[in-house]
Amino acid sequence: MAIRIIVKEPDPVLRQTAKPVPKITPNIQKLLDDMADTMYDAPGVGLAAPQIGILKRAIVMDVGDEHGLIQLVNPEIVHKEGEQLGPEGCLSIPGLMGDVKRAQKVRVRGLDREGNEVEIEGTDLLARCIQHEVDHLNGVLFTDIAVKVYAEPDEDEEDEGPK
(Lines give C-alpha, C1' and ligand atoms only; values in the text may rest on other atoms or scores of the structure.)
Protein backbone atom coordinates (compact mmCIF):
# COMPACT_ATOMS: atom_id res chain seq x y z
CA MET A 1 0.00 0.00 0.00
CA ALA A 2 1.17 3.46 -0.84
CA ILE A 3 0.09 7.05 -0.96
CA ARG A 4 -0.11 8.29 -4.54
CA ILE A 5 0.20 11.83 -5.85
CA ILE A 6 -3.18 13.45 -6.47
CA VAL A 7 -3.47 14.99 -9.93
CA LYS A 8 -4.60 18.64 -9.88
CA GLU A 9 -6.70 20.66 -12.32
CA PRO A 10 -5.85 21.54 -15.16
CA ASP A 11 -4.12 18.16 -15.77
CA PRO A 12 -5.77 16.74 -18.92
CA VAL A 13 -6.16 13.25 -17.38
CA LEU A 14 -9.00 14.68 -15.28
CA ARG A 15 -10.97 15.39 -18.48
CA GLN A 16 -10.65 11.93 -19.99
CA THR A 17 -13.07 9.01 -19.77
CA ALA A 18 -11.73 6.13 -17.70
CA LYS A 19 -11.66 2.65 -19.23
CA PRO A 20 -13.63 -0.31 -17.81
CA VAL A 21 -11.62 -2.82 -15.80
CA PRO A 22 -11.95 -6.18 -17.61
CA LYS A 23 -10.91 -8.35 -14.65
CA ILE A 24 -10.14 -7.94 -10.95
CA THR A 25 -6.46 -8.76 -10.54
CA PRO A 26 -3.98 -8.34 -7.68
CA ASN A 27 -2.84 -5.13 -9.39
CA ILE A 28 -6.40 -3.75 -9.30
CA GLN A 29 -6.69 -4.71 -5.62
CA LYS A 30 -3.40 -2.90 -4.93
CA LEU A 31 -4.72 0.13 -6.83
CA LEU A 32 -7.83 0.16 -4.62
CA ASP A 33 -5.68 -0.10 -1.48
CA ASP A 34 -3.41 2.73 -2.66
CA MET A 35 -6.43 4.86 -3.51
CA ALA A 36 -7.90 4.32 -0.03
CA ASP A 37 -4.57 5.18 1.62
CA THR A 38 -4.30 8.32 -0.54
CA MET A 39 -7.89 9.38 0.20
CA TYR A 40 -7.47 8.98 3.97
CA ASP A 41 -4.09 10.76 3.93
CA ALA A 42 -5.43 13.77 1.96
CA PRO A 43 -7.92 13.72 3.88
CA GLY A 44 -10.99 13.25 1.71
CA VAL A 45 -14.17 11.21 1.55
CA GLY A 46 -13.78 9.91 -1.99
CA LEU A 47 -11.23 9.36 -4.73
CA ALA A 48 -11.44 8.16 -8.33
CA ALA A 49 -8.56 6.47 -10.16
CA PRO A 50 -8.17 9.35 -12.69
CA GLN A 51 -7.35 11.60 -9.72
CA ILE A 52 -4.11 9.66 -9.31
CA GLY A 53 -3.49 9.57 -13.05
CA ILE A 54 -4.93 6.08 -13.68
CA LEU A 55 -7.63 5.94 -16.37
CA LYS A 56 -9.47 2.95 -14.92
CA ARG A 57 -13.06 2.87 -13.68
CA ALA A 58 -12.37 2.50 -9.96
CA ILE A 59 -13.50 4.60 -6.99
CA VAL A 60 -13.13 4.55 -3.22
CA MET A 61 -15.30 6.36 -0.69
CA ASP A 62 -15.73 6.65 3.06
CA VAL A 63 -18.18 9.28 4.26
CA GLY A 64 -17.96 8.08 7.87
CA ASP A 65 -21.28 6.22 7.89
CA GLU A 66 -22.22 2.58 8.48
CA HIS A 67 -20.89 1.56 5.05
CA GLY A 68 -17.29 2.34 6.02
CA LEU A 69 -14.80 2.04 3.17
CA ILE A 70 -16.48 1.39 -0.18
CA GLN A 71 -14.30 0.20 -3.04
CA LEU A 72 -16.01 -0.13 -6.42
CA VAL A 73 -14.76 -1.17 -9.83
CA ASN A 74 -16.78 -0.30 -12.94
CA PRO A 75 -19.43 1.57 -10.93
CA GLU A 76 -22.63 2.50 -12.70
CA ILE A 77 -25.44 4.55 -11.21
CA VAL A 78 -28.61 2.56 -11.91
CA HIS A 79 -31.18 4.66 -10.03
CA LYS A 80 -31.52 8.28 -8.92
CA GLU A 81 -34.31 10.03 -7.05
CA GLY A 82 -34.95 13.33 -5.39
CA GLU A 83 -32.73 16.39 -5.42
CA GLN A 84 -30.31 18.07 -3.08
CA LEU A 85 -28.22 21.21 -3.41
CA GLY A 86 -25.10 21.33 -1.33
CA PRO A 87 -21.40 22.10 -1.07
CA GLU A 88 -18.69 20.03 -2.73
CA GLY A 89 -14.95 20.26 -2.87
CA CYS A 90 -12.41 18.13 -4.68
CA LEU A 91 -8.93 16.92 -3.82
CA SER A 92 -7.98 17.71 -7.44
CA ILE A 93 -9.21 21.32 -7.17
CA PRO A 94 -7.79 22.62 -3.88
CA GLY A 95 -9.07 25.93 -2.58
CA LEU A 96 -12.41 25.88 -4.42
CA MET A 97 -15.85 24.65 -3.47
CA GLY A 98 -19.16 24.77 -5.23
CA ASP A 99 -22.86 24.34 -4.66
CA VAL A 100 -23.92 21.38 -6.79
CA LYS A 101 -27.36 19.90 -7.51
CA ARG A 102 -27.33 16.14 -7.13
CA ALA A 103 -29.86 13.35 -6.65
CA GLN A 104 -30.84 12.87 -2.99
CA LYS A 105 -30.70 9.07 -3.27
CA VAL A 106 -28.81 6.83 -5.69
CA ARG A 107 -28.18 3.16 -6.24
CA VAL A 108 -24.84 2.19 -7.74
CA ARG A 109 -23.85 -1.19 -9.14
CA GLY A 110 -20.29 -2.37 -9.60
CA LEU A 111 -17.74 -4.96 -8.60
CA ASP A 112 -16.18 -5.23 -5.16
CA ARG A 113 -12.47 -5.92 -4.70
CA GLU A 114 -13.09 -9.67 -5.05
CA GLY A 115 -14.97 -9.28 -8.35
CA ASN A 116 -18.44 -9.86 -6.91
CA GLU A 117 -21.27 -7.72 -8.26
CA VAL A 118 -22.62 -5.43 -5.55
CA GLU A 119 -25.31 -2.75 -5.30
CA ILE A 120 -25.09 0.06 -2.78
CA GLU A 121 -27.79 2.60 -1.98
CA GLY A 122 -26.76 5.95 -0.68
CA THR A 123 -28.59 9.05 0.46
CA ASP A 124 -27.48 12.56 1.33
CA LEU A 125 -23.67 12.78 1.58
CA LEU A 126 -23.03 9.23 0.32
CA ALA A 127 -25.30 9.83 -2.68
CA ARG A 128 -23.45 13.08 -3.39
CA CYS A 129 -20.07 11.35 -3.06
CA ILE A 130 -21.05 8.47 -5.38
CA GLN A 131 -22.20 10.91 -8.05
CA HIS A 132 -19.09 13.07 -7.65
CA GLU A 133 -16.71 10.11 -8.01
CA VAL A 134 -18.58 8.56 -10.96
CA ASP A 135 -18.42 11.98 -12.65
CA HIS A 136 -14.61 11.80 -12.34
CA LEU A 137 -14.67 8.54 -14.33
CA ASN A 138 -16.41 10.43 -17.13
CA GLY A 139 -14.08 13.44 -17.11
CA VAL A 140 -16.58 15.71 -15.33
CA LEU A 141 -15.52 17.97 -12.45
CA PHE A 142 -17.83 19.57 -9.89
CA THR A 143 -16.89 23.00 -11.24
CA ASP A 144 -18.50 22.02 -14.57
CA ILE A 145 -21.93 21.53 -12.99
CA ALA A 146 -21.89 23.78 -9.91
CA VAL A 147 -24.52 26.47 -9.68
CA LYS A 148 -21.97 28.57 -7.78
CA VAL A 149 -18.20 28.20 -7.27
CA TYR A 150 -16.40 29.95 -4.43
CA ALA A 151 -13.20 29.93 -2.38
CA GLU A 152 -12.99 27.17 0.19
CA PRO A 153 -13.75 28.48 3.70
CA ASP A 154 -11.03 28.61 6.31
CA GLU A 155 -10.44 25.33 8.17
CA ASP A 156 -12.18 26.84 11.21
CA GLU A 157 -15.46 26.78 9.26
CA GLU A 158 -17.37 23.52 8.77
CA ASP A 159 -16.95 21.69 5.44
CA GLU A 160 -19.59 19.11 4.57
CA GLY A 161 -19.06 18.33 0.87
CA PRO A 162 -17.10 15.51 -0.75
CA LYS A 163 -13.43 16.01 -1.39
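Cut-offs and rules
- Residues numbered from 1 in each chain as written.
- Predicted model: local features only at pLDDT ≥ 70, side-chain atom pairs only at ≥ 80, totals over all residues.
- Heavy atoms only, no water.
- Helix = DSSP H or I, 4+ residues; strand = E, 2+ residues; numbered from the N terminus.
- Expected span 1.5 Å × (residues − 1).
- Buried < 20%, exposed > 50% of the residue type's maximum accessible area, 1.4 Å probe, protein only.
- Contact = heavy atoms within 4.5 Å.
- Pairing = 2+ DSSP bridges.
- Axes fitted to C-alpha atoms, helices over the stretch in contact; angles between N-to-C directions.
- Core = buried A, V, L, I, M, F, W, Y, C linked by side-chain atoms within 4.5 Å.
- Polar contact = N/O pair within 3.5 Å; in protein donor to acceptor, adjacent residues only side chain to side chain.

Draft legend 1. Up close: helix α1 (residues 26-41). Taking 1.5 Å of rise per residue, 16 residues should cover 22 Å, and α1 covers 22 Å from first to last C-alpha, within 8% of that figure. Every buried residue of α1 is listed here: I28, L31, L32, D34, M35, A36, T38 and M39. Elements that come into contact with the buried residues of α1 comprise β1 (46-48), β2 (58-61) and β3 (70-81).

Draft legend 2. Focus on the sheet that holds strand β5 (residues 96-102). Strand order in the open sheet made by the 3 strands is β4-β5-β8, with antiparallel pairing throughout. The open sheet has two edge strands with one neighbour each: β4 (84-89) and β8 (148-151). Strand after strand, the sheet turns through a mean of 25° between neighbouring axes, direction not considered. Of the pairings in the sheet, the one linking β5 to β8 comprises 4 bridges and is antiparallel in character. The residue of β8 that forms the bridge with G98 is V149. Its contacts with the sheet put helix α2 (residues 124-137) on β4 and β5, and the angle it makes with β4 is roughly 60°.

Draft legend 3. Seen up close, the nonpolar core. Counting 18 residues, the largest nonpolar core has I59, M61, I70, L72, I120, L126 and I130 as the members making the most contacts within it. Of all the elements in the fold, those that place two or more residues in this core are β2, β3, β6 (105-111) and α2. Contacts of L72, omitting those with residues within four sequence positions, involve L32, R57, A58, I59, M61, V108, G110, L111, V118 and I120. Listed in part, the 15 residues of the second largest apolar core include L31, M39, A58 and V73.

Draft legend 4. Highlighting the sheet that holds β6. One open sheet holds the 5 strands; their spatial order is β1-β2-β3-β6-β7, and the pairing between them is antiparallel. The open sheet is flanked by β1 and β7 (117-123), the only strands paired with a single partner. The sheet shows a mean angle of 35° between the axes of neighbouring strands, taken without regard to direction. Those strands touched by α1 are β1, β2 and β3, and its axis lies near 40° from that of β2.

Draft legend 5. The arrangement of the environment of I6 in detail. Residue placement: I6 occurs in the segment before α1. Residues I6 and L47, 41 residues apart in the sequence, show an inter-C-alpha distance of 9.2 Å. Not counting residues within four places of it along the chain, the set of residues in contact with I6 comprises T38, A42, Q51, L91 and S92.

Draft legend 6. Broad picture of unusual backbone geometry. In this structure, the amide linkage connecting E9 to the following residue, P10, adopts the cis form with an omega of 15°. Its place among the elements puts P10 in the segment before α1. In the segment running from A42 into P43, the intervening peptide bond is cis, with an omega of -15°. Along the chain, P43 turns up in the loop between α1 and β1. One non-glycine residue, N74, lies in positive phi territory at about 55°.

Draft legend 7. Up close: the environment of G139. Within the element layout of this structure, G139 appears in the loop between α2 and α3 (142-145). Through-space distance from the C-alpha of G139 to that of Y40 is 23 Å; in sequence the pair is 99 residues apart. Excluding anything up to four places from it in sequence, G139 contacts L14, R15, Q16 and D144.

Draft legend 8. Molecular detail of the side chain of S92. Mapping S92 onto the fold places it in the loop between β4 and β5. Given the relative accessible area of 1%, S92 is considered buried. At 2.7 Å, the side chain of S92 and the backbone oxygen of V7 are in polar contact. A polar contact is formed between the side chain of S92 and the side chain of Q51, at a distance of 3.1 Å. When residues no more than four places from it in sequence are discounted, the contact partners of S92 are I6, V7, K8, E9, L14 and Q51.

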